[in-house]
Amino acid sequence: MALVAVQPSNTNDTDKGGQGEDFGKSSPVGLVLLIVFFIAVFFLVKSMNKHIKGLPASFDEPAEPSKTADTAAEKKD
């Protein structure tokens, strides 16, 4: 046995399904918040670029002088 719940159909033509006259309009607070976010992202990118420029070109350990170069220098003497 199954129970089926059916919503009554709304035959009222004036109901637009939640899309009244204010549908799709944003408030000035939303615009101000969006501008603040763009400003914050600008300063974050600027800060990241500043930090990235301070990084070394490579994080590899400096190579130790090889023994062959030391022995070659001793042979010349």
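Residues numbered from 1 in each chain as written. Predicted model: local features only at pLDDT ≥ 70, side-chain atom pairs only at ≥ 80, totals over all residues. Heavy atoms only, no water.

**A word on the overall build of the protein chain**
Link 1 in the chain: The helix and strand tally for the protein chain stands at two helices and zero strands.
Link 2 in the chain: By residue count, 0% of the 77 residues in the protein chain fall in the buried class.
Link 3 in the chain: As displayed, the protein chain has an accessible area near 8,200 Å², and 63% of this comes from carbon and sulfur atoms. (Helix = DSSP H or I, 4+ residues; strand = E, 2+ residues; numbered from the N terminus. Buried < 20%, exposed > 50% of the residue type's maximum accessible area, 1.4 Å probe, protein only. Areas by Shrake-Rupley, 256 points an atom, 1.4 Å probe, with all protein chains shown as cover.)

**Description of a nonpolar patch on the surface**
Link 1 in the chain: Residues Val41, Leu44, Val45, Met48, Ile52, Leu55 and Phe59 make up a contiguous nonpolar surface patch of about 720 Å² in total accessible area.
Link 2 in the chain: Considering the arrangement of structural elements, one finds Leu55 in the loop between helix H1 (28-53) and helix H2 (67-76). (Patch = residues over 30% accessible without salt bridge, like charges linked within 9 Å, V, L, I, M, F, W, Y side chains within 5 Å. Salt bridge = Lys/Arg side-chain N within 4 Å of Asp/Glu carboxyl O.)

**Re the packing of aromatic side chains**
Link 1 in the chain: Evaluation of the coordinates by the stated rule reveals one aromatic pair.
Link 2 in the chain: For the pair Phe42 and Phe43, a centre-to-centre distance of 5.3 Å together with 75° between the ring planes defines the contact as edge-to-face.
Link 3 in the chain: A residue is classified by how much of its surface remains accessible, and Phe43, at 49% relative accessible area, is partly exposed. (Phe/Tyr/Trp six-rings, centres within 6.5 Å; stacked < 30°, edge-to-face > 60°.)

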